[in-house]
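For reference, the chains in residue letters:
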Amino acid sequence: MIESELARYPLADRVKRIVLDIHRREKQLSDDERLLIGSPGYTASDPNVVADAVTALALGKNVLLKGPTGSGKTKLAELLSHLFQQPMHMINCSVDLDAEALLGHKTLGSDGEGHSRIDFVPGPVEKAMKRGHFLYIDEINMARADTLPILNGVLDYRRTVHNPFTAETVRASEGFAVIAAINEGYIGTTPLNEALKNRFVVIDVPYLQGDALKALLRRQSSLQDDALLDRFVALSRDLVSKARDGQIAEEGASIRSLLDACDLAAFMSPLRAIRRAIADKLDDERERAAVLTIAETLFDS
């Protein structure tokens with residue numbers, strides 16, 4: 001099974017052997033841990049995107065997925081988790097992210113005999129490191145600059161982190177790897193510190209287009225009308241062009257929003273579906289109008 005999936009990508013024989021060896025050394029996973037293994041829902045317009053990410057992880061590198069919002073970075077991370085059959089612990093970054101959200105926190109518990117005690121609840125970083133799982137850090141450049149240095153030791157050759165809540169130095173178990181995602185230039189983000197960025201291999205994740213996009217829309221949406229799918233592919237092409245020119249925000253070209261529009265278009269007019277799923281998500285009135293103008297050239301009212 002895994003051999004046939006790996007064969008879809010231009011991987012070096014040595015890399016395939018490394019991945020297969022990881023499968024042969026399969027850990028005993030609990031039912032809860034198996035639920036953390038990603039699904040193979042990502043479709044790549046360029047198979048080298050997946051191959052390069054697999055290669056980097058197989059060689060023990062950290063991977064930074066860089067691309068516009070809605071281009072499928074999280075889906076790609078889930079595919080990587082699936083290919084390695086590794087549970088993946090997730091961190092969603094924001095300005096409120098702090099050490100407790102990364103490493104864990106203390107809480108008041110009971111010993112079962114009516115006596116109170118202080119328990120420590122491990123965070124996603126400690127869980128992934130100790131269990132030898134994948135750690136996925138979404139929108140890493142949304143976090144405050146004073147929070148991310150906690151991860152420096154996790155991301156370099158040391159593979160360790162000092163947990164100030166337990167006074168323990170946590171060391172990563174075999175199999176631990178870090179995948180992060182970044183939306184450059186997005187509102188609320190800050191440039192990633194160069195010292196942090198240098199700890200990653202960067203994989204550019206472009207928007208899916210053409211036949212690959214049509215296959216994805218057919219597979220993952222309710223819309224099955226061939227002619228309408230072609231028009232939605234053309235809509236995506238034009239929206240991506242507008243986003244690259246800065247005429248609409250990147251979320252206006254999101255594949256995620258396009259899938260929503262296709263789902264709705266199976267049950268209502270395409271123009272109304274596009275308004276609900278794409279245009280009305282944009283804050284700028286001119287951007288909303290631009291999306292609807294493009295849609296009106298492709299779909300009947």
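Located above this text is the structure these notes cover.
Note that the coordinates shown come from a computational prediction; the quantities given were computed from them, not determined experimentally.

Peer 1: Just to check I follow, could you spell out helix 13 (residues 270-277) for this structure?
Peer 2: One turn of the α-helix equals 3.6 residues, which is why residues spaced by three or four share an orientation. Taken together, the buried positions of helix 13 are occupied by Pro270, Leu271, Ala273, Ile274 and Ala277. Each buried residue of helix 13 lies within a common arc of 160° when the element is viewed along its axis, so the set occupies one face. Contact partners of the buried residues in helix 13: helix 11 (226-244), helix 12 (255-265) and helix 14 (285-298).

Peer 1: Quick question: what am I supposed to make of the packing of aromatic side chains here?
Peer 2: In this description, an aromatic ring pair is defined by two values, namely the gap between the centres and the angle between the planes. Overall, the coordinates contain 2 aromatic pairs when judged by the stated rule. With 4.9 Å between their ring centres and 50° between their planes, Phe232 and Phe299 make a pair best called tilted. Placement of the pair is Phe232 in helix 11 and Phe299 in the segment after helix 14, with a sequence separation of 67 residues.

Peer 1: Sorry, what's going on with the nonpolar core here?
Peer 2: Across soluble globular proteins, nonpolar side chains show a tendency to be buried alongside one another. By size, the foremost hydrophobic cluster in this structure holds 35 residues, and its most contacted members are Leu217, Phe232, Leu235, Ile274 and Ile278. Mapped onto this core, the elements with two or more residues apiece are helix 10 (210-220), helix 11, helix 12, helix 13 and helix 14. Among the elements that line this core, the one with the most residues is helix 11, at 8 residues. Setting aside residues up to four positions removed in sequence, Ile274 forms contacts with Phe232, Leu235, Ala261, Ala279, Val291, Ala295 and Phe299. One finds Ala51, Leu65, Met88 and Phe134 within the second-largest nonpolar core, a separate group that totals 32 residues.

Peer 1: How do you make sense of the side chain of Lys214 when you look at a structure like this?
Peer 2: If you trace the backbone, Lys214 turns up in helix 10. When its relative accessible area of 16% is taken as the criterion, Lys214 is described as buried. A polar contact is formed between the side chain of Lys214 and the side chain of Asp230, at a distance of 2.8 Å. Apart from residues lying up to four places away in sequence, Lys214 is in contact with Asp226, Leu229, Asp230 and Val233.

Peer 1: Explanation requested: the side chain of Ser254 in the structure shown.
Peer 2: Mapped onto the fold, Ser254 is located in the loop between helix 11 and helix 12. For Ser254, a relative accessible area of 4% gives the class buried. Excluding residues within four positions of it along the chain, Ser254 makes contact with Thr69, Gly70 and Tyr207.

Peer 1: Would you mind going over unusual backbone geometry with me for this structure?
Peer 2: For residues other than glycine, phi is negative in most cases, and the peptide bonds are mostly trans. Unusually for a residue other than glycine, Gln85 sits at a positive phi of about 55°. Here Gln85 lies in the loop between helix 5 (73-84) and strand 2 (88-92). For Gln85, a relative accessible area of 30% gives the class partly exposed. The backbone of Glu139 shows a phi angle near 50°, a positive value even though the residue is not glycine. Relative to the elements of secondary structure, Glu139 occurs in the loop between strand 5 (134-138) and helix 8 (152-155).

Rules used throughout
Residues numbered from 1 in each chain as written. Predicted model: local features only at pLDDT ≥ 70, side-chain atom pairs only at ≥ 80, totals over all residues. Heavy atoms only, no water. Buried < 20%, exposed > 50% of the residue type's maximum accessible area, 1.4 Å probe, protein only. Helix = DSSP H or I, 4+ residues; strand = E, 2+ residues; numbered from the N terminus. Arc of directions from axis to C-beta. Contact = heavy atoms within 4.5 Å. Phe/Tyr/Trp six-rings, centres within 6.5 Å; stacked < 30°, edge-to-face > 60°. Core = buried A, V, L, I, M, F, W, Y, C linked by side-chain atoms within 4.5 Å. Polar contact = N/O pair within 3.5 Å; in protein donor to acceptor, adjacent residues only side chain to side chain.

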